[in-house]
Amino acid sequence: MRAVLRRDGEVIAVEENVLQENVYFAQELVLMLRAAGFREVSIVSLYRGTPAGPDDTKVVFVARRSSE
């Protein structure tokens, strides 16, 4: 990725980074969260905050980590 910051048409800064992406299934992430010590893991719809369904394209993983 190359990002260029311009001000009044003049290049102020240029930054280049490599973007790395991993693709996981939702249930794989749930298992990873549980393996990391999180409990009460749920998947909710990003905009509604209700349990995610098959038509949701954006979701949030909500989990609680015990202090034990």
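Below, the structure is looked at part by part. (Residues numbered from 1 in each chain as written. Predicted model: local features only at pLDDT ≥ 70, side-chain atom pairs only at ≥ 80, totals over all residues. Heavy atoms only, no water.)

## Structural notes on the environment of Pro51
- Its location among the elements puts Pro51 in the loop between β3 (38–45) and β4 (59–65).
- As for Pro51 and Phe61, which are separated by ten residues in sequence, their C-alpha atoms are 10 Å apart.
- Apart from the residues within four sequence positions on either side, Pro51 is in contact with Ile43, Val44, Ser45 and Asp56. (Helix = DSSP H or I, 4+ residues; strand = E, 2+ residues; numbered from the N terminus. Contact = heavy atoms within 4.5 Å.)

## Quick notes on the environment of Arg39
- Along the polypeptide, Arg39 turns up in strand β3.
- Among the residues examined, Arg39 registers a relative accessible area of 45% and is labelled partly exposed.
- As a C-alpha pair, Arg39 and Arg64 span 25 residues in sequence and 5.2 Å in three-dimensional space.
- In this view, Arg39 contacts Arg34, Ala63 and Arg64; residues no more than four positions away in its chain are not counted.
- In this structure the side chain of Arg39 is engaged in a polar contact, spanning 3.1 Å, whose partner is the backbone oxygen of Arg34. (Buried < 20%, exposed > 50% of the residue type's maximum accessible area, 1.4 Å probe, protein only. Polar contact = N/O pair within 3.5 Å; in protein donor to acceptor, adjacent residues only side chain to side chain.)

## Some thoughts on a nonpolar patch on the surface
- Together, Leu46, Tyr47, Val60 and Val62 line one region of the surface with nonpolar side chains, adding up to about 380 Å² of accessible area.
- Take Val60: it is sitting in strand β4. (Patch = residues over 30% accessible without salt bridge, like charges linked within 9 Å, V, L, I, M, F, W, Y side chains within 5 Å. Areas by Shrake-Rupley, 256 points an atom, 1.4 Å probe, with all protein chains shown as cover. Salt bridge = Lys/Arg side-chain N within 4 Å of Asp/Glu carboxyl O.)

## Concerning the side chain of Asp56
- Tracing the sequence through the fold places Asp56 in the loop between β3 and β4.
- Reaching out from Asp56, the side chain makes a polar contact with the side chain of Ser45 at a distance of 3.3 Å.
- At 3.3 Å, the side chain of Asp56 and the side chain of Arg48 are in polar contact.
- Apart from residues lying up to four places away in sequence, Asp56 is in contact with Ser45, Arg48 and Pro51.

## Here we look at unusual backbone geometry
- If you check the backbone angles, Asp8 has positive phi at about 55 degrees while not being a glycine.
- Mapping Asp8 onto the fold places it in the loop between β1 (2–7) and β2 (10–16).
- The phi dihedral of Glu40 falls on the positive side, at around 50 degrees, and the residue is not glycine.
- Within the secondary structure, Glu40 sits in strand β3.
- Look at Glu40 and you get exposed, because its relative accessible area is 60%.

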